[in-house]
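As a plain string of letters, each chain reads:
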Amino acid sequence: MSIPTMRQQLSATLLLLCSLLFPPVQAAGTSQLLQALPERPKAGDFQLTDLDGTEHRLSSYRGRVVIVNFWATWCPPCREEMPSMQRAWELLEPEGVVMLAINIGEDEDTIFQFTANFPVEFPLLLDQDSATIQSWPVRGLPTTYVVDPQGRLVYRAIGGRAWDDPALLDMVRALK
Amino acid sequence: MHIITLLLSSLFIPTAIAAGSATTGSDPGTGLAFWRYEAEGILFELNQRLPDQTRAFFQARGFDTDAANQFATSCVFQSRLLNTAVAGGASLQFNLNEWRVISGNKSSSMATTDDWMPRWKKQSIGQAARIAFKWSLLPTEQTYAPGDYNWGMTSYDQPPGTRFNLTLVWHREGRRESATIRNIECPADSPQETP
C-alpha cells in the first residue's frame, strides 16, 4: 500500500468537506411541493358562504383532509394554478378529500365572471371582509394549507403549485 | 495543514454580498423594462407598471382618482420574489423594511403596505378597496420554503422617471445576504387630462 501524497490527502479532505457542507439535493423538478409544518398548529375555524349560498364550516369537515386555498381573481399565480386545482379535485374528491378556495375581498359577480374563463367545480367561498384570511397565517396570495383529519395545518404552499403533480397528490393522500 | 485551515475558515465565514447576477431588458410586447437579480436560492424580478395601468387597477377596485394617482405615481413595479432552492434546501426570509432605495446621494426605505394603509384609512378609502390594495402588494415580510414565491406590486416612493439603485437584503441559514440592482428606472407618467 502506497502512502498518500500531500495532494491526495488534500483532495480527499476537500471531497469530505464538500460532502458535509453540500449534502446531495433532490431533483429540481420536485422543488415545488408542499412545506411540512412540523408543529402542526390547529387550523382556525371559519364559516363562509360559497357562490351557491351554501355555508361551509371548516370544523364540519373534521375526519377528512381539507385543502384550503386563499386567492383573488386579479392575482396571476392564483389564476394560473386554478386549472390544476380543478384536475386535482377531480382525482381527490371521490377519495373524500375536500377543497375550499377562499376568495379575498371580491363580490359574487366578479367571481362569476372569473369562472366563465376558469370553470371549477369545487366550492369558491367568499371572505369579503377578509376576516378569515387575517385570522390565518397568510401574508400573500395565493397561499394554500392542507388540513389533516384532526383539523391541524400540516402542509403549506406559498405561491402557485401544479396541484395535479402525482408527488403532491401522494402527499395529500398520505394524510387520510 | 495551513491551507486546509484557511479553506475551512473561508467556508464558514458568512458572506455579506451574494454572488449573483443582475440583468435588464424590455418586454418585446409592451416595451416596458424589467430588472432581474438571480443568485443561488433567490430570484427577484421587477417589471415596470405604467402609472395608467396602476390607476386603472385601483380605480376599478374602489379607489378615488386622487388616491389611485398618489399610489400610481409613487414608482410602482410588478415584482416577483422566489426561493429557488431545491427541495430540502434552506428557507429564505426577507423584510422589505431592510431594503434601501438609493437615488443620487439619498438613501431611503421602500413604501410598504404598512406605510400606505393608514393613508387610505385617513382618506376614507372603502374597505373593499383597502383589502384589494393590501393583498396586491408584495408582502412586507415572508419566509419562503424552497419553491415558495409571491407576486405583488412594490412601491419605491420616487417620482416617475427617477433612476435609482435598490439594495435587496435576505436571510438564509442565519446569514444576512445582500445585493444591489443598479440604475432601475421608475416608469414615466403620461400627461393627465385636466377636466
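Along every chain, residues carry numbers that run from 1 in the direction the sequence is written. Whichever chain is written first becomes A and whichever ligand is written first becomes 1, with later ones labelled in order. Totals for whole chains, interfaces and linings use all residues, but because this is a predicted model, local features are given only for residues with pLDDT of at least 70 and pairs of side-chain atoms are given and counted only at 80 or more.

**Q** Whenever I open this one, the overall build of chain B confuses me. Can you help?
**A** A run of DSSP states H or I qualifies as a helix once it reaches four residues; a run of E qualifies as a strand once it reaches two. Both are numbered from the N-terminal end. Scanning chain B from terminus to terminus reveals five helices and eleven strands. To sort residues by exposure, count the other C-beta atoms lying within 10 Å of each residue's C-beta; 20 or more gives buried, 12 or fewer gives exposed, and values between give partly exposed, all with C-beta atoms placed from the backbone. Buried residues in chain B amount to 39% of all 195 residues.

**Q** Help me understand the sheet that holds strand β9 (residues 149–155) of chain B, please; the structure alone is not making it clear to me.
**A** Strand pairing in a sheet is mediated by backbone hydrogen bonds. Such pairs are either parallel or antiparallel. All names here are of chain B. Taken in spatial order, the five strands line up as β1-β2-β3-β4-β9 in an open sheet, and their pairing is antiparallel. In the strand order of this sheet, the two ends are held by β1 (21–26) and β9, each with one partner. Averaged over all pairs of adjacent strands, the angle between strand axes in this sheet comes to 15°, irrespective of strand direction. Two strands qualify as a pair provided that DSSP identifies no fewer than 2 bridges between them. Across six bridges, the pairing between strand β2 (residues 33–39) and strand β3 (residues 42–48) is antiparallel. Among the inter-strand pairings, Glu38 is bridged to a residue of β3, identified as Leu43. Angles here are taken between N-to-C directions and fall from 0 to 180 degrees, while the axes themselves are lines fitted to C-alpha atoms, restricted in helices to the stretch in contact.

**Q** I keep staring at unusual backbone geometry and nothing clicks. Help me out?
**A** Omega for the bond connecting A:Leu141 with A:Pro142 falls within 30 degrees of zero, at -10°, which places this linkage in the cis form. As for its position among the elements, A:Pro142 is in the loop between α4 (131–135) and β7 (143–147). Positive phi, normally seen in glycine, also occurs at B:Glu173, with a value near 50°. Topologically, B:Glu173 is positioned in the loop between β10 (163–172) and β11 (175–185). We classify B:Glu173 as exposed; it has 11 C-beta atoms within 10 Å.

**Q** When you look at the sheet that holds strand β6 (residues 124–127) of chain A in this model, what are you seeing that I'm missing?
**A** All names here are of chain A. Spatial strand order, β1-β8-β7-β4-β5-β6: six strands in an open sheet with mixed pairing. Among the strands making up the open sheet, the edge pair consists of β1 (35–36) and β6. Here β1 pairs with strand β8 (residues 153–158) via two bridges, running antiparallel. Counted as the bridge partner of Gln35 is Arg156 from β8.

**Q** Help me out: how do you make sense of the environment of B:Leu96 in this one?
**A** Residues and elements named next belong to chain B. Note that Leu96 resides in the loop between β5 (92–95) and β6 (100–103). The spatial distance from the C-alpha of Leu96 to the C-alpha of Thr112 is 7.3 Å, given a sequence separation of 16 residues. If sequence neighbours within four positions are ignored, Leu96 has contacts with Met110, Thr112 and Thr140. Contact between two residues is assigned whenever their backbone-derived C-beta positions fall within 7 Å.

**Q** I would appreciate a short explanation of the environment of A:Val98 in the present structure.
**A** Residues and elements named next belong to chain A. Tracing the sequence through the fold places Val98 in strand β5 (residues 98–104). Exposure remark for Val98: the 19 C-beta atoms within 10 Å place this residue in the partly exposed category. Expressed as a C-alpha distance, the spacing of Val98 and Glu108, which sit ten residues apart in the sequence, is 21 Å. In contact with Val98, other than residues within four places in its own chain, are Tyr61, Arg64 and Val66.

**Q** I keep staring at the nonpolar core and nothing clicks. Help me out?
**A** Inside soluble globular proteins, nonpolar side chains tend to come together where they are buried. The term nonpolar core means buried Ala, Val, Leu, Ile, Met, Phe, Trp, Tyr and Cys residues held together as one set by C-beta atoms within 7 Å. Counting residues in hydrophobic clusters, the biggest one holds 89 residues, and the most contacted among them are A:Met99, A:Ala101, A:Ile102, A:Ile104, A:Leu141, A:Val146 and A:Val147. No other element matches helix α2 (residues 76–92) of chain A, which puts six residues into this core. The residues contacting A:Leu141, other than those within four sequence positions of it, are A:Phe70, A:Trp71, A:Ala72, A:Cys75, A:Cys78, A:Ile104 and B:Trp135.

The analysis is restricted to geometry; functional conclusions fall outside its scope.
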